[in-house]
Structures are given as C-alpha cells and as structure tokens.
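# Architecture at a glance
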Amino acid sequence: MRAVVYERYGPPEVLRLEDVERPIPADGEVLVKVHATTVNRFDTATRDANRRSGVAISLMSRLVSGVRRPRHRILGTEFAGEVEAVGVAVTEFAVGDKVFGTSGLAFGAHAEFIAMPASGRIARMPAEMSFEEAAPICDGALNALTCLKQADLKANRTILIYGASGAIGTAGVQLARYFGADVTAVCGTKNLELVRSLGADRVIDYTQKDFTKNGQTYNIIFDAVGKLSFTRCRGSLTLRGIFLPTDGLANLMWALVTPRLGGRTVLFQIPPRQTKQDVLFLKELIEAGKYRPVIDRRYPLEDVVQATRYVETEQKTGNVVLTITQD
Ligand SMILES: NC(=O)c1ccc[n+]([C@@H]2O[C@H](COP(=O)([O-])OP(=O)(O)OC[C@H]3O[C@@H](n4cnc5c(N)ncnc54)[C@H](OP(=O)(O)O)[C@@H]3O)[C@@H](O)[C@H]2O)c1
C-alpha cells in the first residue's frame, strides 16, 4: 500500500511517499481502507520532536515517540474510510461499513490502510457525510472536549476561548455553545465572522484589543492555541476561575501547584483521556446538527509536504485534510 513514511525527526521534507506492507488486522481489529485523513498539530509536533516547544518538552516528546528515531514510521491520527476486513472477534463492524476515528499515539493514518482495535476510538460515520468531511471530526473536538469536561463546563458559566479559529478552537466554541455556556471567542480579523457563526456570543479581535485589559472576568479561560500563560490571564479569571491550557511547560507546572492552593486553578491533563464514548458523542452531535468540523484546505496525499508546511504556519482555520481516494 502507499503510505507517507519518515525515518528521522526533522522538517516536513523528511516525509516521503513509499510502498509498504499492508497491516494485517488482529482478532479484535478492523482493517480500514482510508479515503481521507488530516495533517494536524500532533503530527507536525511529533515529526519535529516538539523542537519548537523547547528542550524539556522535546525530550518528553521523544520519550513517548522514540528517543533516537520515531517509533512509528507512519504519521496521521485521524481517518475516514471503509472497513475492508474484520478480525474474527469483531462483532461491532462489518466489511463495507463507513467509519471514522483516531488512532492517537499509534498514528498510521497517512496510508491507504490502517488497522484499528474495534474497541478503540472508531465509529460508523454520521449519515450524509463525505469521507473528507468526516476525517477531521476527532482531533480538535476530542482535545476541546477533554479540556471542557475537566472544567465541568455548565450552562450559564462564562468562558473565553482564545485561538477560537484553530482545530481545537473551532470545536471548542461549538461544544461550549452546546453545553449552554456564555461564549466569548478571541481570534484574528479574518476569522471573526466564522467564529461568530459557530456560536460565539461575542468575538474579540486580538489584533485590535487585549482581552486581559478590558476589566472583564470569566469562569473559564480556554487557551485553545497554546499562546497564553496563566500569569498573563490570571486577572481575567473570577476568584475560583479555571485556566485550561493546551501547551507550555510553565502551564504544566502551574497545573501541579494551583489545585492544592485553592482560588484560581490551572487544569492540564497529559496525556488527555479520550474514549470511544467521546467519539460516539461527537457522532451524535453531528447528526443533531450541533457540531461540524471546519475544513480549511484539502491536499492529495502526494502533497503531504506542502500540507505540512501550511499547518506549520500556525495560521490554518480549523483543519487540513489529506485526500487518499476521491469521494
Ligand atoms: N491538534 C493537536 O493534536 C494538539 C494536541 C495537543 C496540543 N495541541 C496544541 O494545541 C494548540 C492548538 O492546536 P490546533 O491544532 O487547534 O491549532 P491550529 O489549528 O494550528 O491553530 C491555528 C489558529 O491559531 C490562530 N493563531 C495563531 N497565532 C495566534 C495568536 N498569537 N493568538 C491567537 N490566535 C492565534 C490562527 O488564527 P488567526 O488567523 O485568527 O490568528 C489560526 O486560525 C497548539 O498549541 C498545539 O500545540 C494540539
């Protein structure tokens, strides 16, 4: 099968298309013929051994993905496709089912086929969705959902979502809206209308206004793009407010300390706990018209290097899809 492989950490150019062995599903696994996948920030950070985040985070990243060289040669976590074969113990799926999901730390989705445990984060695709639309359901939404669940987001609580136009941010706005929160979203000028259309009650353009200086306070501040620090936005939290980061070593340290002190708290779950139930929940939300993944650009698998370079600009709006076979 065709797959995008890499042998060493480095720039996008370490990725190349190659013919590799097709995986054989174990008894409890399904073999999925992948029609569409994505390039996300988890892929790019892993490929680069998280070098942009500093030496300490880079070392931690290598402990997970392989110290000297990558443990998994094929990147890609999200997929949408058709079940090609099932292991003898699988009862939930049958050949021909259209499915979507995420392989998480096991990666392997930048390929024509992926083997997934049937009990893992895989589900039948929502009705009326194309493979390209279904591929980016999981990454941003599962990351956002994990964070919002930690903060026990409820109706009428106030939340500020910073970086509301990224994969996590666009999902975060929709989920916070679904949970009934009062949502203030922060993004750049070009994405204001989009973010408003996703359900934000109000939007702030960070190129024009600094939300930390307007005197407003929030029950929760969710930094969906890894650009804030607890120290910078502490004054914009209510007395028992919660800061939810998605990146940053200092934030990780605050998450160890602040829950013991009372008052304003940083909550940061590493690794994030994401379950099959969460994936089924997203499918239900989509079918109820309450959530849709935002797609920015689509590239053919052959253009994975260009797609990766674009994701690394940190300017994508929502998600970037890689198409393996046309819908
Ligand atoms: N995706 C994952 O699997 C994953 C997993 C764990 C952690 N993370 C971390 O989560 C964060 C977000 O991931 P993501 O995939 O959602 O990001 P993303 O899609 O790459 O975010 C891109 C968006 O960020 C906005 N942005 C860029 N610089 C900004 C700034 N200085 N202030 C406010 N917004 C800014 C851009 O919007 P404008 O054009 O509006 O500026 C753009 O729309 C990253 O720090 C990443 O390391 C990601």
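Everything below is about the structure shown above.
These notes cover the structure that comes with them. (Residues numbered from 1 in each chain as written. Predicted model: local features only at pLDDT ≥ 70, side-chain atom pairs only at ≥ 80, totals over all residues. Heavy atoms only, no water.)

### Overview of the nonpolar core
Threshold: Buried residues of nine kinds, namely Ala, Val, Leu, Ile, Met, Phe, Trp, Tyr and Cys, make up a nonpolar core once their side-chain atoms join them within 4.5 Å. Residue exposure (1.4 Å probe, protein chains only): buried if accessible area is under 20% of the type maximum, exposed if over 50%, otherwise partly exposed. Every helix listed is a DSSP run of H or I at least four residues long, and every strand listed is a run of E at least two residues long, numbered separately from the N terminus. The criterion used for residue contact is that any of the two residues' heavy atoms lie within 4.5 Å.
Counting 48 residues, the largest nonpolar core has Phe100, Ile137, Ile159, Ile161, Val173 and Phe222 as its most contacted members. Looking at this core, the element that brings in the most residues is helix α4 (residues 138-150), giving seven residues. Those residues in contact with Ile161 that sit more than four places away from it in its chain are Gly169, Gly172, Val173, Ala176, Val183, Thr184, Ala185, Val186, Phe222 and Ala224.

### A few points about the pattern of salt bridges
For clarity, the threshold we go by: Any carboxyl oxygen of Asp or Glu that lies within 4 Å of a side-chain nitrogen of Lys or Arg is treated as forming a salt bridge with it.
Overall, the coordinates contain 25 salt bridges when judged by the stated rule. The partner of Asp210 in a salt bridge is Lys213, with the nearest N and O atoms 3.1 Å apart. Judged by relative accessible area, which is 27%, Asp210 ranks as partly exposed. Of the charged contacts, one joins Glu314 and Lys227 as a salt bridge, the two residues approaching to 2.7 Å between their closest N and O atoms. A residue pair is termed long-range when its members are at least 10 positions apart, and Glu314 in the loop between α10 (304-311) and β15 (319-323) and Lys227 in the loop between β11 (218-223) and α7 (230-233) qualify at 87 residues. With relative accessibility at 48%, the residue Lys227 sits in the partly exposed group. Within this structure, Arg41, Arg47, Arg52, Lys227, Glu312 and Glu314 form a network of salt bridges that share partners.

### Points about the packing of aromatic side chains
Convention followed: Here the aromatic set is Phe, Tyr and Trp, taking the six-membered ring for Trp, and pairing holds for ring centres within 6.5 Å; pairs whose planes are under 30 degrees apart are stacked, those over 60 apart are edge-to-face, and all others are tilted. By the criterion adopted, a ring carries a charge over it if an Arg CZ or a Lys NZ lies within 6 Å of its centre and within 35 degrees of its normal.
With the rule as written, the count across this model stands at nine aromatic pairs. Considering the side-chain rings of Phe230 and Phe243, the 6.2 Å spacing of their centres and the 25 degrees angle between planes classify their relative orientation as stacked. With Phe230 in helix α7 and Phe243 in strand β12 (residues 237-244), this pair connects stretches of sequence that are 13 residues apart. One aromatic cluster in this structure is built from Tyr162, Tyr206 and Phe211. Positioned above the aromatic ring of Phe113 is the side chain of Arg22, whose terminal nitrogen or guanidinium carbon lies 3.9 Å from the ring centre. The ring of Trp254 has Arg234 lying over it, and the distance from NZ or CZ to the ring centre is 5.4 Å.

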